2 protein chains.
Amino acid sequence: MTATVPQSGGRLLTPGEVASLFRVDPKTVTRWAAAGRIGSIRTPGGHRRFREEEVNELLAKLTTEATDLVE
Amino acid sequence: MTATVPQSGGRLLTPGEVASLFRVDPKTVTRWAAAGRIGSIRTPGGHRRFREEEVNELLAKLTTEATDLVE
DNA sequence: TCGAACTTGGGTAATTAGGGAC
DNA sequence: GATGTCCTAATTACCCAAGTTC
């Protein structure tokens with residue numbers, strides 16, 4: 001691995017996009033970034049951007065499928 | 001340019017919304033999730049989110065059995 | 001350069017989680 | 001066995017004005 005240049009494949013998501021993925025408020029995503037629960041990149045203007053890859057991994061980890069329904 | 005992210009798993013519902021749909025207490029929904037009877041996604045903060053698709057399926061099943069058929 | 005949509009920051013309500021007992 | 005209600009702590013949601021993005 002050691003891909004030091006995260007680009008050309010790693011799409012960046014806005015707080016609003018990440019928020020809709022988790023069904024939370026964009027402000028909540030901001031808190032996650034501030035708390036270090038999710039990596040974030042800042043634009044020169046101070047806005048946050050998130051790596052889609054990381055977000056998807058996070059979603060997968062936090063997803064609990066009902067193994068199967070016993071009826 | 002508002003980039004829209006493809007909702008990978010469909011929309012997500014909050015415990016309160018699911019509770020309203022089933023006409024039960026949110027706590028009950030939590031128990032269902034804890035018992036693995038319904039899949040759930042957790043936010044990094046620990047709150048649960050439910051896939052609308054799955055909820056509707058369960059809802060449909062219960063509706064089907066409303067007439068109380070032979071088991 | 002203007003404009004519409006979005007994000008930031010803070011402060012304050014509303015939900016949720018978790019345990020435990022009836 | 002399953003559900004609703006009690007409690008406290010934590011997380012999340014909505015309010016605003018100002019700055020950033022494209």
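Residues numbered from 1 in each chain as written. Chains lettered and ligands numbered in written order. Predicted model: local features only at pLDDT ≥ 70, side-chain atom pairs only at ≥ 80, totals over all residues. Heavy atoms only, no water.

Novice: Just checking my understanding: could you explain the sheet that holds strand E3 (residues 48-51) of chain A for this structure?
Specialist: Backbone-to-backbone hydrogen bonds pair the strands of a sheet. The strands run either parallel or antiparallel. Residues and elements named next belong to chain A. Taken in spatial order, the three strands make up an open sheet running E1-E3-E2, and their pairing is antiparallel. In this open sheet, the two strands that pair with only one neighbour each are strand E1 (12-13) and strand E2 (41-42). Judged from the two bridges that link them, E1 and E3 form a sheet pairing that is antiparallel. Following the sheet pairing, Leu12 is matched in E3 by Arg51. (Pairing = 2+ DSSP bridges. Helix = DSSP H or I, 4+ residues; strand = E, 2+ residues; numbered from the N terminus.)

Novice: Hey, could you run me through the UniProt feature "domain: Helix-turn-helix" (unreviewed entry) in chain A in this one?
Specialist: The UniProt record marks residues 12-61 of chain A with the feature "domain: Helix-turn-helix" (unreviewed entry), using the residue numbering of this structure. For residues 12-61 of chain A, the helix share is 54%, the strand share is 16%, and the end-to-end C-alpha distance is 19 Å. (UniProt positions renumbered as here; feature names shortened; annotations may be inferred.)

Novice: What is the right way to read the protein's contact with DNA strand C from this model?
Specialist: By nearness alone, 20 residues border DNA strand C, and A:Gly16, A:Lys27, B:Gly16, B:Lys27 and B:Arg48 come closest of all. Near the protein, meaning within 4 Å, the atoms of DNA strand C are sugar or phosphate in a fraction of 62%, with bases accounting for the rest. The contact in question runs from a phosphate oxygen of DNA strand C to an N or O atom on the side chain of A:Thr30, over 2.9 Å. Between DNA strand C and A:Arg42, the relevant distance is 3.5 Å, taken from a phosphate oxygen to a side-chain nitrogen or oxygen of the residue. Among the secondary structure elements, those contributing two or more residues to the surface near DNA strand C are helix H1 (15-22) and helix H2 (26-34) of chain A together with helix H1 (15-22) and helix H2 (26-34) of chain B. For the surface near DNA strand C, the class distribution of residues is two nonpolar, 10 polar and eight charged. (Near = heavy atom within 4 Å. Polar contact = N/O pair within 3.5 Å; in protein donor to acceptor, adjacent residues only side chain to side chain. Nonpolar A, V, L, I, M, F, W, Y, C, P; charged D, E, K, R; others polar.)

Novice: Would you explain the pattern of salt bridges in this entry?
Specialist: Close approach of charged atoms allows side chains of opposite charge to pair. All names here are of chain B. For the coordinates displayed, the defined rule picks out four salt bridges over all chains. A salt bridge links Glu52 to Arg11; the shortest N-O distance between them is 2.6 Å. Note that Glu52 is positioned in helix H3 (residues 52-64) and Arg11 in the segment before strand E1 (12-13), a separation of 41 residues in sequence. Of the residues examined, Arg11 reaches a relative accessible area of 57% and is grouped as exposed. (Salt bridge = Lys/Arg side-chain N within 4 Å of Asp/Glu carboxyl O. Buried < 20%, exposed > 50% of the residue type's maximum accessible area, 1.4 Å probe, protein only.)

Novice: Would you mind going over the side chain of A:Glu52 with me for this structure?
Specialist: Classification of A:Glu52 by relative accessible area gives buried; the value is 17%. With near-sequence residues (within four places) excluded, A:Glu52 lies in contact with A:Arg11 and A:Leu13. (Contact = heavy atoms within 4.5 Å.)

Novice: Looking at this structure, I do not really get the nonpolar core. What am I missing?
Specialist: Most often, soluble globular proteins keep nonpolar side chains buried together rather than apart. Residue and element names in this part refer to chain A. Counting residues in hydrophobic clusters, the biggest one holds 17 residues, and the most contacted among them are Val18, Phe22, Val29, Ile38, Phe50 and Val55. Elements represented by at least two residues in this core include exactly H1, H2 and helix H3 (52-61). Here the element with the most residues in this core is H1; it accounts for four residues. When sequence neighbours within four positions are dropped, the list of residues in contact with Phe50 reads Arg11, Leu12, Leu13, Thr14, Pro15, Val18, Val29, Ala33, Ile38, Gly39, Ser40 and Val55. (Core = buried A, V, L, I, M, F, W, Y, C linked by side-chain atoms within 4.5 Å.)

Novice: Help me understand the protein's contact with DNA strand D in this model?
Specialist: Taken together, 22 residues lie near DNA strand D, and A:Asp25, A:Thr28, B:Asp25, B:Thr28 and B:Thr43 sit nearest. Here DNA strand D approaches the protein such that, of its atoms within 4 Å, sugar and phosphate make up 71%. Taking A:Thr43, its side chain carries an N or O atom lying 3.0 Å from a phosphate oxygen of DNA strand D. Within the backbone of A:Gly45, one N or O atom sits 3.0 Å away from a phosphate oxygen of DNA strand D. Elements supplying a minimum of two residues to the surface near DNA strand D: H2 of chain A together with H2 of chain B. Each residue belonging to the surface near DNA strand D can be placed in one class, and the counts come to four nonpolar, eight polar and 10 charged.

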